[in-house]
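A look at the structure
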Amino acid sequence: MDKASTPPAPPADVKGGWLFGNAYLLLVLTTLSWAGNAVAGRLAVGEVSPMALTMLRWVGVVVLVLIFARHRLIAEWPVLRRHLPYLFALGALGFTGFNALFYIAAHSTVAINIGIIQGSIPVFVLLGAYAAYRTPVTGLQFVGVAATMLGVAIIAAQGDIARLADLAFNNGDLLMVMACLLYAGYTVALRKRPAVSGLAMFSVMAVAALLTSLPLVAVEAALGRFQWPTPTGWAVLGFVALLPSFLAQIFFLRSVELVGPGRAGVFVNLVPIFSALLAVLILGERFQLYHALALVFVLGGIAVAERLRRA
């Protein structure tokens, strides 16, 4: 996923056409794109450094939004301008922070793990909403939270109980948990979003993500770890800028407009499943028993938490 950039309101200027009238096809394409970001993160290893990928990704997105969203951005600028500090903070938290940790994590864990751990984001959002706004959480919802967290722990321990006892976890998996916490914080903070279209808000946050990624690139360069993209790196960059970062956002926003946030949100649970499938098919990663067990706990926990929240 790259779920890292999901503004909540649909763009009013993205309408019509056969594709944009089919919410479920759009949702499948969206979740496939977000799942593909996990594979892209692994393919980027050795081809482009993490901070270079993060920065250049947002360069590409900013160019795209200036081409396709500039009219909406100009029309809503008076409102957006009053909320710039808030929107920049969201861009730094949910876009730059999440993606930086995501691509660093890809250097030390597999795409299957990345995708399954991403599946925990809805539960982190549930806990964050409770902490920030005291949104009611039932006992059974906490059971769902516990099940999801157990699934994440199984991934982090690679199915080895001894690792849980010794707290010997893969650094990449722990970084992915941190990334998911950042994105959950971003999602919870969206509750106080200004009254503007999702496309205009996304455009400002994309610019914020680009600007806040520059210091990270400077640090990476100072440490001698900056790597300009190879031809493969440019291909990966083109994919993540166009699909997970841009088109998937428009697809998801249009889907929310067509079927509502509740029904659209259910499809996000496809991300860990698609991530596992793509990792096996494209990267040749091994899908092991503990991956299946973790998927059961993560998706089962989310199903319990989400069903009860909507009840």
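Rules and cut-offs
Residues numbered from 1 in each chain as written. Predicted model: local features only at pLDDT ≥ 70, side-chain atom pairs only at ≥ 80, totals over all residues. Heavy atoms only, no water. Helix = DSSP H or I, 4+ residues; strand = E, 2+ residues; numbered from the N terminus. Buried < 20%, exposed > 50% of the residue type's maximum accessible area, 1.4 Å probe, protein only. Areas by Shrake-Rupley, 256 points an atom, 1.4 Å probe, with all protein chains shown as cover. Salt bridge = Lys/Arg side-chain N within 4 Å of Asp/Glu carboxyl O. Patch = residues over 30% accessible without salt bridge, like charges linked within 9 Å, V, L, I, M, F, W, Y side chains within 5 Å. Contact = heavy atoms within 4.5 Å. Expected span 1.5 Å × (residues − 1). Bend = angle between axes of the 7 residues up to and from the residue. Axes fitted to C-alpha atoms, helices over the stretch in contact; angles between N-to-C directions. Parallel < 35°, antiparallel > 145°, perpendicular 65-115°, else oblique. Left-handed = near helix turned anticlockwise from the far one by under 90°. Nonpolar A, V, L, I, M, F, W, Y, C, P; charged D, E, K, R; others polar. pLDDT = per-residue confidence, 0-100. Phe/Tyr/Trp six-rings, centres within 6.5 Å; stacked < 30°, edge-to-face > 60°. Lys NZ or Arg CZ within 6 Å of the ring centre and 35° of its normal.

Let us look at the overall build of the protein. If you tally the helices and strands in the protein, you get 15 helices and zero strands. Looking at the protein residue by residue over its 311 residues, the buried ones come to 52%. In the structure as shown, the protein presents an accessible area of about 13000 Å², 71% of it carried by carbon and sulfur atoms.

A few words on the pattern of salt bridges. One pass over the structure, following the stated rule, counts one salt bridge. Of the charged contacts in the structure, one is a salt bridge between glutamate 76 and arginine 72, with a shortest N-O distance of 2.9 Å.

The grouping of Leu43, Ile273, Leu277, Leu281 and Ile282 at the surface amounts to a nonpolar patch, some 480 Å² of accessible area in total. Relative to the helices and strands, leucine 281 resides in helix H14 (residues 270–283).

What follows covers the environment of isoleucine 116. Inspection of the secondary structure puts isoleucine 116 in helix H6 (residues 111–118). Its relative accessible area of 0% is what places isoleucine 116 among the buried residues. Distance from isoleucine 116 to alanine 38, taken between C-alpha atoms, is 10.0 Å for residues 78 residues apart in sequence. Discounting chain neighbours no more than four positions away, the residues touching isoleucine 116 are Ile155, Pro272, His291, Ala294, Leu295 and Val298.

With that settled, the discussion passes to helix H12 (residues 231–259). Its 29 residues give H12 an end-to-end C-alpha distance of 40 Å, which sits within 8% of 42 Å, the value for a rise of 1.5 Å per residue. A bend of about 40° at alanine 248 is the largest found in H12.

The next point concerns the packing of helix H2 (residues 50–68) against H12. Viewed as axis vectors pointing N to C, H2 and H12 meet at an angle of 50°, and their least axial separation amounts to 9 Å. What the angle tells us is that H2 and H12 run oblique. Between H2 and H12 lies a crossing of right-handed hand. Packed against H2, whose contacting residues are Leu53, Leu56, Arg57, Gly60, Val61, Leu64, Val65 and Phe68, the element H12 presents Trp234, Leu237, Val240, Ala241, Leu242, Ser245 and Phe246 at the interface. The residue makeup of the contact of H2 with H12, split by class, is twelve nonpolar, two polar and one charged.

Another point: the confidence of the model for the protein. Of the residues in the protein, 84% reach a pLDDT of 70 or more, and the chain-wide mean stands at 83. Across the protein, H2 holds the top mean pLDDT of 95, while helix H9 (residues 161–166) sits lowest at 58. Confidence drops under pLDDT 50 across residues 4–16; counting only partners more than four residues distant or on other chains, this segment forms 54 contacts.

Another point: the packing of aromatic side chains. If you walk through the whole model with that rule in mind, you get eleven aromatic pairs. Centre to centre, the rings of phenylalanine 95 and phenylalanine 202 are 5.8 Å apart; their planes meet at 65°, and the pair counts as edge-to-face. With phenylalanine 95 in helix H5 (residues 84–105) and phenylalanine 202 in helix H11 (residues 198–222), this residue pair connects regions lying 107 residues apart in the sequence. Of the two residues, phenylalanine 95 and phenylalanine 202, both sit in the buried class. Chaining the aromatic ring pairs together yields one cluster made of Trp58, Phe95, Phe98, Phe102, Tyr103, Tyr183, Tyr186 and Phe202. Over the face of the ring belonging to tyrosine 130 we find arginine 134, whose NZ or CZ atom lies 5.2 Å from the ring centre. Across the ring face of tyrosine 133, the terminal group of arginine 191 is positioned such that the distance to the ring centre comes to 4.3 Å.

Within the element layout of this structure, tryptophan 58 appears in helix H2. Relative accessible area serves as the criterion here: at 0%, tryptophan 58 is assigned to the buried category. Along the sequence, tryptophan 58 and alanine 241 sit 183 residues apart, while their C-alpha atoms lie 6.9 Å from each other.

Moving on: H6. Residue pairs three or four apart in sequence face the same way in an α-helix, which turns once every 3.6 residues. With eight of its eight residues buried, H6 lies for the most part within the structure. Buried residues of H6: Ala111, Ile112, Asn113, Ile114, Gly115, Ile116, Ile117 and Gln118, and no others.

Below, the discussion takes up the side chain of serine 49. The residue serine 49 is located in the loop between helix H1 (23–43) and H2 in this model. Residues contacting serine 49, with those up to four places away along its chain left out, are Glu220, Arg225, Phe226 and Gln227.

Time to look at the environment of leucine 293. Within the secondary structure layout, leucine 293 lies in helix H15 (residues 289–310). Placed 139 residues apart in sequence, leucine 293 and isoleucine 154 show a C-alpha to C-alpha distance of 7.9 Å.

Moving on: the packing of H1 against H6. Running from amino to carboxyl end, H1 crosses H6 at an angle of 145°, the nearest separation of the two axes being 9 Å. Like other packed secondary-structure pairs, H1 and H6 cross with a definite hand, here right-handed. When H1 is examined against H6, the residues Trp34, Ala38, Val39 and Arg42 are found in contact with a partner set consisting of Ala111, Ile114, Gly115 and Gln118. Its residues assigned to classes, the contact of H1 with H6 comprises five nonpolar, two polar and one charged.

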